[in-house]
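The primary structure of each chain is shown beneath.
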Amino acid sequence: MKNLIPLFFLFLISCGNSSSNDKPVTDQSSGIELVVLGIAQDAGFPQSGCQKENCRLYWDGKEERRHATSLGLVDHISGKYWLFEATPDLKDQLNAVQESAGTNEHPSGIFLTHAHIGHYTGLMHLGHEVMGASGIPVYTMPRMKSYLQTNGPWKQLVDFENIALQQMTTDSVVQLSENIKVIPFLVPHRDEYSETVGYRIEAENKSVLFIPDINKWDIWDRSIVEEIAKVDHAFLDATFYDSDELPGRDMSEIPHPFVEESIELFKILPASEKAKVHFIHFNHTNPLILDSPERKEVESLGFNVAFEGMKIQL
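Report follows, based on the coordinates. (Residues numbered from 1 in each chain as written. Predicted model: local features only at pLDDT ≥ 70, side-chain atom pairs only at ≥ 80, totals over all residues. Heavy atoms only, no water.)

Regarding the overall build of the protein
Selection rule: For helices the rule is a DSSP run of H or I covering at least 4 residues; for strands it is a run of E covering at least 2, with both sets numbered from the N terminus onward. The rule is simple: take the accessible area with a 1.4 Å probe, protein chains only, and divide by the maximum for that residue type; under 20% is buried, over 50% is exposed, in between is partly exposed. Should any heavy atoms of two residues lie within 4.5 Å, those residues are counted as being in contact.
Of regular secondary structure, the protein possesses 10 helices and 14 strands. Buried positions account for 58% of the 314 residues belonging to the protein. Across the protein, the fraction of contacts at a sequence separation of at least 24, relative to all contacts at a separation of at least 6, is 71%.

Examining the packing of aromatic side chains
Convention followed: Any two of the Phe, Tyr and Trp rings considered here, Trp counted by its six-membered ring, make a pair once their centres fall within 6.5 Å; the pair's planes then place it as stacked at under 30 degrees, edge-to-face at over 60, or tilted in between. Here, over-ring charges are defined by two tests on the NZ atom of lysine or the CZ atom of arginine: distance to the ring centre within 6 Å, and angle to the ring normal within 35 degrees.
Scanning all chains against the criterion turns up 11 aromatic pairs. For the pair phenylalanine 84 and tyrosine 199, a centre-to-centre distance of 5.4 Å together with 70° between the ring planes defines the contact as edge-to-face. With phenylalanine 84 in strand E3 (residues 80-84) and tyrosine 199 in strand E9 (residues 197-202), the pair connects residues that are 115 residues apart, well separated along the chain. Take phenylalanine 84 and tyrosine 199: they sit in the same class, and that class is buried. Seen from their ring centres, tyrosine 147 and tyrosine 193 are 5.3 Å apart, and the 35° between their planes marks the pair as tilted. Of this pair, tyrosine 147 sits in helix H5 (residues 142-150) while tyrosine 193 is found in the loop between strand E8 (181-186) and E9, placing the two residues 46 residues apart along the sequence. Residue tyrosine 193 is classed as partly exposed on the basis of its relative accessible area, which comes to 48%. Ring-pair connections join several aromatic residues into one group, and the members of that group are Phe84, Phe111, Tyr139, Tyr199 and Phe210. For the cation-ring pair, lysine 216 lies above phenylalanine 258, with the distance from its terminal atom to the ring centre recorded as 3.8 Å.

Thoughts on helix H10 (residues 293-300)
Defined as follows: An arc is given here, and it is the one of the directions from the helix axis to the C-beta atoms.
Every buried residue belonging to H10 is among Arg295, Val298 and Glu299, and all of these are buried. Looking down the long axis of H10, one finds its buried residues gathered within 95° of arc, a one-sided arrangement. Projecting away from the buried face of H10 at angles above 90 degrees are the exposed residues Pro293 and Ser300. Next to the buried residues of H10 lie helix H8 (259-266), strand E12 (277-280) and strand E13 (304-305). Note on H10: the residue one or two positions beyond its end, glycine 302, has a positive phi of about 105°.

Quick look at the nonpolar core
Put simply, the rule is: In this text, buried Ala, Val, Leu, Ile, Met, Phe, Trp, Tyr and Cys residues form a nonpolar core when linked through side-chain atoms within 4.5 Å.
Counting 59 residues, the largest nonpolar core has Leu73, Phe111, Ile211, Phe235 and Leu236 as the members making the most contacts within it. Here this core takes 4 residues from strand E10 (residues 207-211), the largest share from any one element. Beyond its immediate stretch of four places on either side in the chain, isoleucine 211 contacts Phe185, Val187, Trp217, Trp220, Ile224, Phe235, Leu236 and Asp237. One finds Leu37, Leu90, Leu112 and Ile163 within the second-largest nonpolar core, a separate group that totals 27 residues.

Section: the pattern of salt bridges
Spelled out, the test is: The salt bridge criterion pairs a side-chain nitrogen of Lys or Arg with a carboxyl oxygen of Asp or Glu, the two atoms within 4 Å.
Tallied over the entire structure, the rule returns 14 salt bridges. Between aspartate 89 and arginine 65 there is a salt bridge, and its shortest N-O distance comes to 2.6 Å. On the criterion of sequence distance, the pair formed by aspartate 89 in the loop between E3 and helix H3 (90-101) and arginine 65 in the loop between helix H2 (53-59) and strand E2 (70-75) is long-range, its members being 24 residues apart. One exposure class covers both aspartate 89 and arginine 65, and it is buried. Residue aspartate 159 is joined to lysine 155 by a salt bridge in which the shortest nitrogen-to-oxygen separation is 2.6 Å. Residue aspartate 159 and its partner lysine 155 are both found in helix H6 (residues 154-159); the two are separated by 4 residues, about one turn of the helix. By relative accessible area, lysine 155 is classed as partly exposed at 35%.

Put into structure tokens, the structure is as follows:
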């Protein structure tokens with residue numbers, strides 16, 4: 001059976017052959033926690049039509065699937081939870097975060113980063129063909145809001161009031177509770193249908209940076225090093241390991257900061273700052289998605305590789 005069992009998200013390590021460092025944080029029955037619900041690029045792992053070495057490990061029964069990148073934010077005190085991204089794997093991820101939150105209730109909100117398939121198409125599960133949800137807050141930037149309002153099938157979710165769009169502005173504060181706030185900020189990306197944002201999640205004790213997609217660090221109008229310094233944990237775009245990962249493809253058409261580039265940029269950081277970095281959003285060809293020599297090397301340098309089921313107490 002290839003589907004993830006929800007308990008894997010709660011008690012086990014990543015849903016594949018994972019590094020020895022893949023140990024979930026011990027669950028606490030109270031407080032605020034962040035749960036990693038997916039680590040893969042938009043299409044997940046394996047990817048449709050893929051017969052490359054990484055994917056063959058799955059087709060041959062030697063690896064488990066990985067879900068598209070998503071985070072869950074759980075407030076154990078109120079029993080509420082929020083999702084960051086609505087991925088094509090929403091049904092598995094929703095079940096996992098509900099298990100973690102100890103509730104069968106629908107999410108108190110969903111935060112979207114942009115209009116690429118791995119980040120919003122899971123909204124389809126909220127419609128009358130599936131959940132028939134009512135008024136779930138979906139937090140978006142203006143272009144993303146307009147896109148959902150004016151294009152089918154997403155417009156139907158708005159018209160049937162399955163979702164309630166909540167427009168944000170860059171660097172504004174979304175106060176979720178007395179102790180939790182979320183701050184969106186613009187990042188450069190391929191913005192065909194919407195703008196792209198990252199998020200800073202702030203709880204009572206700790207803060208988290210979430211940037212699953214960005215073109216390159218050096219074209220952003222902010223310093224990623226300075227942004228890392230402001231938080232306790234940073235989940236950062238690691239779509240491709242290096243420039244040779246997709247032979248025959250023009251990598252300039254799908255720009256991301258290669259892991260090797262990020263490591264070169266971050267190598268001067270003290271160990272305490274490196275330890276904040278959690279690489280995430282791995283393409284199916286990225287060796288970091290498996291228990292590979294490259295992954296061991298990245299971890300030996302003091303960085304972290306995100307894994308499904310990972311929990312961080314905030």
